[in-house]
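Single-letter residue listing:
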Amino acid sequence: MRLDGQALSFSPTDLASFSGCGDRSYLDRLRAKGLAKPVVYPDPRLDLLKARGMEHEKAYLARLEAEDKRVVRFESLSKDERTPAAYARRAEETLAAMRDGPDVIYQGTLYDGRWLGFVDFLLRVERPSELGAWSYEVADAKLTREAKGTAILQTCVYSEMLEQVQGVAPDRIHLYLGGPSPRLTSFRLAHFAAYYRGLKRRFLEHVEGAPDEPTVAPDPVELCQMCDWSSRCKQERADVDHLSLVAGIARDQRRVLEAAGVTTLAALGGLALDPPPEGLRRASFQRVREQARVQLVGRERDAPYHEVLSVEVNVDGRLLGLGSLPEPTPYDLFFDFEGADYAYEGGLEYLWGISDVEDQFRGDWALTQDEEKGELDRFLRMAVDHVTAHPGAHIYHYGHYETTALKRLVGRYGIRTEELDQLLTEQVFVDLHRVVKQGVRASVESYSIKALEEHYGFVRDVPMSDANPARGRLEYALSAGLRDSESLADRPVVEAYNRDDCVSTRALRDWLEVLRRDLETQHGQPIARPTPPVPKEDPELEEWRQSLKDLMDGLLDGVPEEREERNEAQHVRWLTAHLLEWHRREDKTAWWDYHRLK
């Protein structure tokens, strides 16, 4: 967003940002008018992303030129040249190039006096327009492997401006996506045009009706993670004691409380437990009210504060909270993944970390899908062998991510389904996040393991200020398909961070055991330990499973796991192998979820 004379002008990024947070548009408007400035901290991840994005864009340009396309290039305007007059002049030069009809126009400018766009690529198509027997469509280079909504919106803005200059709307929009096998992905513009028009109208009304002073302490949204204004908004929420500081409170609960005049954590913590404000259920209100009270106590004491909750029993007679902790053994293990969400089509679990009760750690890396499949095979075989050799041993983790990822990977690769089924049925995995949420109320703003560490005295070897940038750089590299030593230089720091997570999980388990013993002392009687169900053996089923596995292994022999590396015949074999027990695997996911919910 810029101020050109007395009028604001916009970019496609402004519209994309508005789709995630209207308050950001207010703040960007103030920045354009010179009335506010965000505090921007150095972000190595963003720097790397920009550099890799430029390399990705240049690679597509080189590919087009190698195909003997006639390409017209425009150089970027310098900072001093970025004026309305220069934009209009460059837009005329771009239009002149379009009339000449080259195959590709690189970094052309579209400008209508209010909206400004620098288009990565304009691709010629043989569709008549006011230019002649041809017209152009927009292609934007994006480093991610999947098309994102914000990228689609940007190409919609470019396409509308392109229609104004060539007299016909483009039929398609294109994204050149990244990864090991970059590809051009195309969409029908008409599929998104109606949503785009409505969003653009709301954006202009929003900005034109913007108040002189922006909202103070706006509600947090997903976009906060990548917004220049996030530190300002976070500080404002702290200054006003915003209800979002209450751990676990939902947005709709905040709205009901605010309508009832309860606008701060302190006010919520001081409410009576009964009756709840109109519009809130008693149980959910009492939970967030008690959480606010505990956080308020911790704030007043200026020290970590927690309370142990009584052990409750679910409808099946199973103990919850601290009562669900199994008997500790010297052979217990502590497990944590590191994953890159945008590596390959379905993400990549690239680091498998596990430690024991002596904090001996092992971290195994998987930088490709074939390696990920190998790690899945190794881990599940190791886990079954370990608990078979040491009955009563458990594998602790924090949050459902680890078991969810294992289920997803078993479904993806079609291996070790029975081993995972055995581990889940015998309740080998113990989610300490569930234990904490059901058994402890702590003065934290979120129940992440990092937030809780102060309560059990754990100090990390790798500061989060070092770990987060290192993880960000590494995961962007993996998402972009980069495997060179420079791109993977952060592996030692990330592995040390993963070790901290595993060791912290052990320290948390030990702390919860102390709280459990204190609770037993308080009540003067022991708390029963959970007993896992005894698995049923079926020799005929085992024989059938083995024959099926042998058949699958034969079909998959020599077939690459990565889709891009398979030829047509190999892909048919891959599909056939995975169809053999597809329905059975699908049924298992439903049963696994059933037992998880219980």
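Please refer to the structure higher up on the page.
As the structure is a prediction and not an experimental result, all values here were calculated from the model. (Residues numbered from 1 in each chain as written. Predicted model: local features only at pLDDT ≥ 70, side-chain atom pairs only at ≥ 80, totals over all residues. Heavy atoms only, no water.)

Caption draft 1: Seen up close, the sheet that holds strand β10 (residues 333-340). With mixed pairing, five strands are arranged side by side in an open sheet as β12-β11-β10-β13-β14. Looking at strand neighbours, the two that pair on one side only are β12 (361-365) and β14 (429-431), the edges of this open sheet. Each strand axis lies, on average, 25° off the axis of its neighbour in the sheet, ignoring direction. One ladder, built from eight bridges, connects β10 with strand β11 (residues 348-356); its direction is antiparallel. By the bridge assignment, Glu 338 is partnered in β11 with Leu 351. Relative to the sheet, helix α17 (residues 491-523) contacts β10, β11, β12 and β13 (395-397), its axis offset from that of β10 by approximately 140°. (Pairing = 2+ DSSP bridges. Helix = DSSP H or I, 4+ residues; strand = E, 2+ residues; numbered from the N terminus. Axes fitted to C-alpha atoms, helices over the stretch in contact; angles between N-to-C directions. Contact = heavy atoms within 4.5 Å.)

Caption draft 2: Representation of the packing of helix α12 (residues 401-413) against helix α20 (residues 582-597). Between α12 and α20, the shortest axis-to-axis distance is 11 Å and the interhelical angle comes to 170°. What the angle tells us is that α12 and α20 run roughly antiparallel. On the side of α12, the interface is formed by Lys 407, Val 410 and Gly 411, while α20 contributes Arg 585, Trp 592 and Arg 596. Its residues assigned to classes, the contact of α12 with α20 shows two nonpolar, one polar and three charged. (Parallel < 35°, antiparallel > 145°, perpendicular 65-115°, else oblique. Nonpolar A, V, L, I, M, F, W, Y, C, P; charged D, E, K, R; others polar.)

Caption draft 3: Up close: the side chain of Thr 505. Relative to the elements of secondary structure, Thr 505 occurs in helix α17. A relative accessible area of 2% means that Thr 505 is categorised as buried. Contact partners of Thr 505, with chain neighbours within four places excluded, come to Phe 334, Tyr 396, His 397, Leu 432 and Ile 449. (Buried < 20%, exposed > 50% of the residue type's maximum accessible area, 1.4 Å probe, protein only.)

Caption draft 4: Quick look at the pattern of salt bridges. Per the stated rule, a full pass over the model turns up 48 salt bridges. Note that Asp 359 and Arg 506 form a salt bridge whose closest N and O atoms lie 2.9 Å from each other. Remark: Arg 506 occurs in helix α17 and Asp 359 occurs in the loop between β11 and β12; sequence separation between them is 147 residues. Across the pair, exposure class does not vary: Asp 359 and Arg 506 are buried alike. Salt bridges sharing common partners tie together Arg 289, Glu 290, Arg 293, Glu 307 and Arg 441. (Salt bridge = Lys/Arg side-chain N within 4 Å of Asp/Glu carboxyl O.)

Caption draft 5: Looking closely at the environment of Glu 371. Structurally, Glu 371 is set in helix α11 (residues 369-389). Glu 371 sits 190 residues away from Glu 561 along the chain, and the two C-alpha atoms are 9.3 Å apart. Sequence-distant contacts of Glu 371, defined by excluding residues within four places in its chain, comprise Trp 365 and Ala 366.

Caption draft 6: Examining the sheet that holds strand β8 (residues 183-188) more closely. If you walk across this open sheet you meet the six strands as β3-β4-β5-β6-β7-β8, and the pairing is mixed. Because the sheet does not close on itself, it has two edges, and the strands there are β3 (71-73) and β8. Direction aside, neighbouring strands of the sheet carry axes that sit 40° apart on average. Bridge analysis of strand β6 (residues 135-141) against strand β7 (residues 172-177) gives three bridges, and the strand direction is parallel. From the neighbouring strand, Asp 140 faces β7, where its bridge partner is Leu 175. On top of the sheet, helix α4 (residues 84-100) reaches β3, β4 (104-111), β5 (116-125) and β6; it is set at about 135° to β4, its chief contact.

Any functional reading would require information that these geometric values do not contain.
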